Amino acid sequence: MKTRIFTHWQTSLLGILLLIVAITLLFLKIITLGEFTAFFPTILGLLYVRDTVFKITPRR
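Since this is a predicted model, take the numbers as computed values, not measurements.

K.L.:
So what's going on with the overall build of the chain? Which residues, and what values?
P.N.:
Scanning the chain for helices and strands turns up 3 helices and 0 strands. Going from N to C terminus, the chain has its helices and strands arranged as α-α-α. A burial count over the chain gives 17% of its 60 residues as buried. Here the chain has roughly 5100 Å² of accessible surface; of this, 70% comes from carbon and sulfur atoms.

And the structure:
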């Protein structure tokens, strides 16, 4: 897990930023716990995915 987070730092940083925003919105009561729970798998997915999601490979 540590290797995945530090090697693919772009998606990990995006996931951490989204987590901070979601927690902030939850504490400000802009979103409910149900909405946070629905969004949480996306955040976890960004922590585990590789950075190749952002790289577009041209078709030949």
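On we go.
K.L.:
Go over helix H2 (residues 9–27), please, and point to the residues and values.
P.N.:
Compared with the 27 Å implied by 1.5 Å per residue over 19 residues, the 27 Å span of H2 between its first and last C-alpha is a close match. Along H2, the residues that are buried comprise Thr11, Ser12, Gly15 and Ala22. The arc that holds the buried residues of H2, viewed along the axis, is 100°, so those residues lie on one side. The exposed set on the far side of H2, more than 90 degrees from its buried face, consists of Trp9 and Phe27. Lys29 sits one or two positions beyond H2 and adopts a positive phi of about 60°.

K.L.:
How would you explain the packing of H2 against helix H3 (residues 33–48) if you had to name every residue and give the values?
P.N.:
Running from N to C, H2 and H3 cross one another at 170°; their axes reach a closest spacing of 8 Å. When the axes of H2 and H3 are compared, the pair comes out roughly antiparallel. Like other packed secondary-structure pairs, H2 and H3 cross with a definite hand, here left-handed. The residues of H3 that touch H2, namely those facing Thr11, Ser12, Leu14, Gly15, Ile16, Leu18, Leu19, Ala22, Ile23 and Leu26, are Leu33, Phe36, Phe39, Phe40, Ile43, Leu46 and Leu47. Class assignment of the residues belonging to the contact of H2 with H3 gives a composition of 14 nonpolar, 3 polar and no charged.

K.L.:
Run through the environment of Ile43, naming residues and quoting values.
P.N.:
Within the secondary structure layout, Ile43 lies in helix H3. Take Ile43: its relative accessible area is 1%, and that puts it in the buried class. Taking the C-alpha atoms as reference points, Ile43 and Gly15, 28 residues apart in sequence, are found 4.9 Å from one another. If sequence neighbours within four positions are ignored, Ile43 has contacts with Gly15, Leu18, Leu19 and Ala22.

Cut-off values and rules
- Residues numbered from 1 in each chain as written.
- Predicted model: local features only at pLDDT ≥ 70, side-chain atom pairs only at ≥ 80, totals over all residues.
- Heavy atoms only, no water.
- Helix = DSSP H or I, 4+ residues; strand = E, 2+ residues; numbered from the N terminus.
- Buried < 20%, exposed > 50% of the residue type's maximum accessible area, 1.4 Å probe, protein only.
- Areas by Shrake-Rupley, 256 points an atom, 1.4 Å probe, with all protein chains shown as cover.
- Expected span 1.5 Å × (residues − 1).
- Arc of directions from axis to C-beta.
- Axes fitted to C-alpha atoms, helices over the stretch in contact; angles between N-to-C directions.
- Parallel < 35°, antiparallel > 145°, perpendicular 65-115°, else oblique.
- Left-handed = near helix turned anticlockwise from the far one by under 90°.
- Contact = heavy atoms within 4.5 Å.
- Nonpolar A, V, L, I, M, F, W, Y, C, P; charged D, E, K, R; others polar.

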